[in-house]
Amino acid sequence: MSSIINTKIKPFKATAFHQGKFVPVSDQDLAGKWSVVVFYPADFTFVCPTELGDLADFYAKFQEIGVEVYSVSTDTHFTHKAWHDASETIKKINYPMIGDPTGAITRNFGVMIEEEGLALRGTFVINPEGEIKVAEIHDLGIGRSAAELFRKVQAAQYVANHDGEVCPAKWTPGEATLAPSLDLVGKI
């Protein structure tokens, strides 16, 4: 399997449930801004609402740093609406919930479980140029943390804006970064 880091996202068109409406979403909507695309297996399940609810709680923070969040499953946008109407946790969601019933988007990001027609838990951070800067894929039973995703987005944005600097483990804004050089070799 080859890495998708620094590759451009593939074109797509879909329909999302977003703030009470069905809206078209395409790769063009991601252009020109930072985006997070979060794949999950299915609506009306168990781990998924805990993750999506956690992401909903952080959504305003993502918006403050210029990031749009999109969730994607192989359910339809109609199913997303039904889940939204039925679940107090999912009612908190203000980001677009993309339906991918053909699995085209899910396959484009390499997270389709073909035998089941479901997505693995995939998280992708995409820069304004449409390049994937963070890719993380989990097995179905392992939930993700919106706080850690937020930190990774902040680090990706920092590195993009500060040529020659890199962010060490657990870096958060305001902490020291590193400038890779011969002088640092073997001293960290």
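Residues numbered from 1 in each chain as written. Predicted model: local features only at pLDDT ≥ 70, side-chain atom pairs only at ≥ 80, totals over all residues. Heavy atoms only, no water.

Some points on the overall build of the protein
1) Next: Helix and strand counts for the protein stand at six helices and nine strands.
2) Next: Principal-axis analysis of the C-alpha atoms gives the protein an extent of 55 × 35 × 30 Å.
3) Next: Residues counted as buried form 44% of the 188 residues belonging to the protein.
4) Next: Pairs at least 24 residues apart make up 65% of the contacts formed inside the protein by residues separated by at least 6 positions. (Helix = DSSP H or I, 4+ residues; strand = E, 2+ residues; numbered from the N terminus. Buried < 20%, exposed > 50% of the residue type's maximum accessible area, 1.4 Å probe, protein only. Contact = heavy atoms within 4.5 Å.)

So, the side chain of Asp100
1) Next: Along the polypeptide, Asp100 turns up in the loop between strand E5 (97-99) and helix H5 (104-108).
2) Next: Despite its burial, Asp100 remains without a salt bridge, the nearest opposite charge being carried by Arg107 at 6.6 Å.
3) Next: Within polar-contact distance, the side chain of Asp100 engages the side chain of Thr106 at 2.5 Å.
4) Next: Excluding anything up to four places from it in sequence, Asp100 contacts Val72, Ser73, Thr74, Asp75, Ile105 and Thr106. (Lys, Arg positive; Asp, Glu negative; His and termini not counted. Salt bridge = Lys/Arg side-chain N within 4 Å of Asp/Glu carboxyl O. Polar contact = N/O pair within 3.5 Å; in protein donor to acceptor, adjacent residues only side chain to side chain.)

So, the environment of Ser87
1) Next: Locating Ser87 in the fold gives a position in the loop between helix H3 (77-86) and helix H4 (88-91).
2) Next: In this structure the C-alpha to C-alpha distance between Ser87 and Phe44, which are 43 residues apart in sequence, comes to 8.6 Å.
3) Next: Here Thr89 takes part through its backbone nitrogen, which lies 3.3 Å from a polar atom of the side chain of Ser87.

So, the packing of helix H2 (residues 47-64) against helix H6 (residues 146-161)
1) Next: The geometry of H2 relative to H6 is characterised by a closest axis approach of 9 Å and an angle of 30° between their N-to-C directions. One finds that H2 runs roughly parallel with respect to H6. Relative to H6, the crossing made by H2 is right-handed. Along the contact surface, H2 presents Asp54, Leu55, Phe58, Lys61 and Phe62, while H6 presents Ala146, Ala147, Leu149, Phe150 and Val153.
2) Next: For the contact of H2 with H6, the class distribution of residues is eight nonpolar, no polar and two charged. (Axes fitted to C-alpha atoms, helices over the stretch in contact; angles between N-to-C directions. Parallel < 35°, antiparallel > 145°, perpendicular 65-115°, else oblique. Left-handed = near helix turned anticlockwise from the far one by under 90°. Nonpolar A, V, L, I, M, F, W, Y, C, P; charged D, E, K, R; others polar.)

Note that all results are geometric; they support no functional claim without further evidence.
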